[in-house]
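The chain contents come next:
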Amino acid sequence: MYLPPYFEEQRPDALQKLMREHPLGMLVTLDPGGLNANPIPFLYDPAPAPFGTLRAHVARSNPVWKTFSRDVDALVLFQGPQAYVSPSWYASKKEHGKVVPTWNYMVVQATGPLRVIEDAAWLQGLLAQLTDRHEAGHQAPWKLDDAPADYIAKLLDAIVGLEIPVAGLTGKWKVSQNRSAADRAGVAQGLAALGGSDALGMAAEVAGWEKQR
């Protein structure tokens, strides 16, 4: 990933926060036929230090768990808020007009060796954790044991677990930090006016960039 120093994000808490809040990662592996990309919801565990562990599952019918290269680390890309940035929002447009459109985004790349796990107890524990994590905000959270035990047992036979001990994390925060304070204020205001989760999320990042440092 191209990573100019002013866009590099190294704060562990910020990287982990993005992975927790945007858990649908793009798993990229090297297969005999070339690169293979699979969108998969991951559960991030900060242990062990310093980078933690990613866990997920795929359908047994998905060949990725058989075909990935054991000689090359897997890569998982997590995408945070992203938004188009109009040059009309820059204060500098009125000063000299030398501005062009761009795109702001926040991403985390996690790399590490991919492990395959077929143990039923491990898989059931993972499903319970995933369910509890994503049902937490519901008024009547669904629990794994709400479904019949024999039904869950059949589903467990149809999935395979994946675990990645994370060997490295790379973060790129492109949040207008290479622009002047006046330009950043204009971008934050313009994005906030658009509404929508991505635009509002990016507006908050642009507006709060200096305070976070």
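Reading the values: rules and limits
Residues numbered from 1 in each chain as written. Predicted model: local features only at pLDDT ≥ 70, side-chain atom pairs only at ≥ 80, totals over all residues. Heavy atoms only, no water. Core = buried A, V, L, I, M, F, W, Y, C linked by side-chain atoms within 4.5 Å. Buried < 20%, exposed > 50% of the residue type's maximum accessible area, 1.4 Å probe, protein only. Contact = heavy atoms within 4.5 Å. Helix = DSSP H or I, 4+ residues; strand = E, 2+ residues; numbered from the N terminus. Pairing = 2+ DSSP bridges. Patch = residues over 30% accessible without salt bridge, like charges linked within 9 Å, V, L, I, M, F, W, Y side chains within 5 Å. Areas by Shrake-Rupley, 256 points an atom, 1.4 Å probe, with all protein chains shown as cover. Salt bridge = Lys/Arg side-chain N within 4 Å of Asp/Glu carboxyl O. Phe/Tyr/Trp six-rings, centres within 6.5 Å; stacked < 30°, edge-to-face > 60°. Lys NZ or Arg CZ within 6 Å of the ring centre and 35° of its normal. Axes fitted to C-alpha atoms, helices over the stretch in contact; angles between N-to-C directions. Polar contact = N/O pair within 3.5 Å; in protein donor to acceptor, adjacent residues only side chain to side chain.

*Asks:* Honestly, the nonpolar core in this entry has me stumped. Any pointers?
*Replies:* One recurring pattern in soluble globular proteins is that nonpolar side chains are buried together. Counting 40 residues, the largest nonpolar core has Leu27, Phe42, Leu54, Phe78, Val108, Ile164 and Trp173 as its most contacted members. Residue contacts for leucine 54: discarding those within four places in its chain leaves Phe42, Leu43, Tyr44, Val76, Phe78, Ala110, Leu162, Glu163, Ile164 and Val166. Counting residues in hydrophobic clusters, the runner-up holds seven residues, among them Leu127, Ile152, Leu156 and Ile159.

*Asks:* Can you help me understand the side chain of aspartate 183 in this one?
*Replies:* Here aspartate 183 is to be found in helix α6 (residues 181-194). Classification of aspartate 183 by relative accessible area gives buried; the value is 2%. Once residues lying within four places of it in the same chain are set aside, the contact partners of aspartate 183 are Trp89, Tyr90, Ala91 and Ser92.

*Asks:* What exactly am I supposed to notice about the pairing of strand β9 (residues 159-165) here?
*Replies:* Within a regular beta strand, the side chains point alternately toward one face of the sheet and then the other, so they alternate between its two faces. Burial analysis of β9 places six of its seven residues in the buried class, the great majority of the element. Pairing geometry for strand β5 (residues 53-59) and β9, over seven bridges, is antiparallel. Each bridged residue has a counterpart across the sheet, and for threonine 53 the counterpart in β9 is proline 165. When strand β8 (residues 115-117) meets β9, the two strands line up antiparallel, connected through three bridges. Bridged to isoleucine 117 within β9 is glycine 161.

*Asks:* Looking at this model, I keep getting lost on a nonpolar patch on the surface. Mind explaining?
*Replies:* A surface patch of nonpolar side chains, amounting to about 290 Å² of accessible area, comprises Leu30, Leu35 and Val72. According to the relative accessible area criterion, leucine 30 is partly exposed, its value standing at 36%.

*Asks:* Before we go on, may I ask you to explain the packing of aromatic side chains in this structure?
*Replies:* Working definition: an aromatic ring pair is given by the centre-to-centre distance plus the angle between the planes. If you walk through the whole model with that rule in mind, you get three aromatic pairs. A centroid spacing of 6.0 Å and a plane angle of 70° characterise the contact between phenylalanine 42 and phenylalanine 78, whose relative ring orientation is edge-to-face. Residue phenylalanine 42 is found in the loop between β3 (34-41) and β4 (43-45), and its partner phenylalanine 78 is found in strand β6 (residues 74-85); the two are separated by 36 residues along the sequence. Given the relative accessible area of 4%, phenylalanine 42 is considered buried. The exposure class assigned to phenylalanine 78 is buried, which follows from its relative accessible area of 1%. Residue placement shows arginine 70 over the ring face of phenylalanine 68; its charged tip is 4.0 Å from the ring centre.

*Asks:* Would you mind going over the sheet that holds β8 with me for this structure?
*Replies:* Either a parallel or an antiparallel arrangement is found when strands of a sheet pair, and the pairing is made through backbone hydrogen bonds. Taken in spatial order, the four strands of this open sheet run β4-β5-β9-β8, and their pairing is antiparallel. Strands with a single pairing partner mark the edges of an open sheet, and in this sheet they are β4 and β8. When strand polarity is set aside, the average angle formed by the axes of neighbouring strands in this sheet is 25°.

*Asks:* What am I meant to see in the pattern of salt bridges here?
*Replies:* Pairing is possible between side chains of opposite charge, provided their charged atoms come close. The final tally for this structure, using the stated rule, is eight salt bridges. Notably, a salt bridge pairs glutamate 163 with arginine 55, separated by 2.6 Å at the nearest N-O pair. Here glutamate 163, found in strand β9, pairs with arginine 55, found in strand β5; they are 108 residues apart in sequence, far enough to count as distant. Arginine 60 is paired through a salt bridge with glutamate 118; the nearest N and O atoms lie 2.9 Å apart. Remark: glutamate 118 occurs in the loop between β8 and α4 (120-135) and arginine 60 occurs in the loop between β5 and α2 (64-67); sequence separation between them is 58 residues. Assessed through its relative accessible area of 29%, arginine 60 is described here as partly exposed.

*Asks:* Can you help me understand the side chain of serine 176 in this one?
*Replies:* With respect to the secondary-structure elements, serine 176 resides in the loop between β10 (168-174) and α6. Taking the relative accessible area as the measure of exposure, serine 176 reaches 1% and is therefore buried. A distance of 2.9 Å separates polar atoms of two side chains, one belonging to serine 176 and the other to asparagine 104. Filtering out sequence-adjacent residues up to four positions away, serine 176 remains in contact with Asn104, Arg184, Val187 and Val206.

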